[in-house]
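What follows is the residue order along each chain.
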Amino acid sequence: TGNLTANKNYTLTCSGPGGTESKSVAVSVGAQPSATIGLNPTTLPAFNAISGQAAPAGKTLTITNTAAAGSKNLNWTATTNQNWCHVSPASGSINPGGSAAVNVSVNAPSNVGTFYCTITISDPNATNSPQNISVTYRVNSPSIGDPSNVTAVASGCSSIIISWSGGLNVTSYNLFRSIYNSIPSVPYDFALSKTSYIDIAVSPHSNYYYWVQSVGG
């Protein structure tokens with residue numbers, strides 16, 4: 001009874017009506033099959049976020065021990081090659097045919113661009129260790145809001161005051177001016193930090209048209 005050891009002689013004893021007989025035999029014991037790593041999905045959907053806003057929701061990665069019954073447990077660990085990418089839990093043990101769900105998450109977005117990370121699932125005793133899965137993180141610039149409520153009011157005969165309500169995520173404004181009701185291609189003034197402007201280059205009894213454009217960071 002109990003576990004047998006490979007390459008060792010054992011004595012078998014048989015009892016029956018005719019008596020008892022013992023015989024020494026060599027027993028060959030095969031090694032226990034190793035675990036095999038399975039990942040689902042094999043490619044994670046990309047994370048998408050807006051710079052300066054909350055981190056996107058985490059995504060689920062399922063780790064499976066695809067080895068047959070009687071094989072070894074999958075004693076896995078998860079690592080990433082970027083400090084903004086995380087896996088929780090980061091280790092575990094899975095019986096043959098079993099699985100475990102882990103959460104893949106990323107930090108709140110800051111820099112704009114597309115970033116990549118590799119998650120590595122490993123068990124030194126598994127047949128196919130390590131296994132990698134890629135993570136893509138796209139961070140977009142915030143949407144720029146258009147200015148509103150643009151007004152132009154004459155201040156005496158020598159100036160016109162233009163004012164407007166600021167838009168969201170705006171770093172500055174460009175002001176366009178024309179004597180025709182058609183926006184020119186070149187700003188009259190640019191990189192304005194305030195939501196008002198005093199135009200002193202005006203002539204009495206003349207018409208002027210103004211447009212304000214938002215500029216993002």
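Here, the structure is the one placed above.
Asker: It is not clear to me how the sheet that holds strand β14 (residues 172-178) should be interpreted in this structure. Could you clarify?
Answerer: Pairing between the strands of a sheet is mediated by backbone hydrogen bonds and can be parallel or antiparallel. With antiparallel pairing, the three strands of this open sheet are ordered in space as β15-β14-β17. Among the strands making up the open sheet, the edge pair consists of β15 (189-192) and β17 (209-215). The sheet shows a mean angle of 20 degrees between the axes of neighbouring strands, taken without regard to direction. Taken together, the seven bridges between β14 and β17 define a ladder with antiparallel strand orientation. Within β17, the position partnered with arginine 177 by the bridge is tyrosine 210.

Asker: I keep staring at the sheet that holds strand β9 (residues 99-106) and nothing clicks. Help me out?
Answerer: One open sheet accounts for four strands, arranged β3-β5-β9-β7; its pairing is antiparallel. Lying at the two open borders of the sheet, with one neighbouring strand each, are β3 (37-40) and β7 (85-88). Strand-to-strand twist across the sheet, computed as the mean angle between neighbouring axes with direction ignored, equals 30 degrees. Sheet topology note: the β7/β9 ladder contains four bridges and is antiparallel.

Asker: Can you walk me through the side chain of asparagine 174 in this structure?
Answerer: Here asparagine 174 shows up in strand β14. A distance of 3.3 Å separates a polar atom in the side chain of asparagine 174 from the backbone nitrogen of alanine 191. Setting aside anything within four residues of it in sequence, one finds asparagine 174 in contact with Pro187, Asp189, Phe190, Ala191, Trp211, Val212, Gln213 and Val215.

Asker: It is not clear to me how the packing of aromatic side chains should be interpreted in this structure. Could you clarify?
Answerer: One pair of aromatic rings is described through two measures. These are the centre distance and the angle between the planes. Counted according to the given criterion, the structure contains five aromatic pairs. Consider the rings of tryptophan 84 and tyrosine 137, whose centres lie 5.6 Å apart with planes at 45 degrees: the pair is tilted. Here the residue tryptophan 84 occupies a position in the loop between β6 (74-80) and β7, and tyrosine 137 occupies one in strand β11 (residues 131-140), the gap between them amounting to 53 residues. For the residue pair tryptophan 84 and tyrosine 137, the accessibility class agrees, reading buried in each case. Aromatic pair tyrosine 188 and tyrosine 197: ring centres 6.4 Å apart, planes at 75 degrees, arrangement edge-to-face. Under the relative-accessibility criterion, tyrosine 188 is labelled partly exposed at 31%. Overall, the relative accessible area of 17% leaves tyrosine 197 in the buried class. Taken together, Phe47, Trp84 and Tyr137 form an aromatic cluster joined through their ring pairs. Taking the ring centre of phenylalanine 47 as reference, the NZ or CZ of lysine 59 above it sits at 5.0 Å.

So, how was this worked out
Residues numbered from 1 in each chain as written. Predicted model: local features only at pLDDT ≥ 70, side-chain atom pairs only at ≥ 80, totals over all residues. Heavy atoms only, no water. Pairing = 2+ DSSP bridges. Helix = DSSP H or I, 4+ residues; strand = E, 2+ residues; numbered from the N terminus. Axes fitted to C-alpha atoms, helices over the stretch in contact; angles between N-to-C directions. Polar contact = N/O pair within 3.5 Å; in protein donor to acceptor, adjacent residues only side chain to side chain. Contact = heavy atoms within 4.5 Å. Phe/Tyr/Trp six-rings, centres within 6.5 Å; stacked < 30°, edge-to-face > 60°. Buried < 20%, exposed > 50% of the residue type's maximum accessible area, 1.4 Å probe, protein only. Lys NZ or Arg CZ within 6 Å of the ring centre and 35° of its normal.

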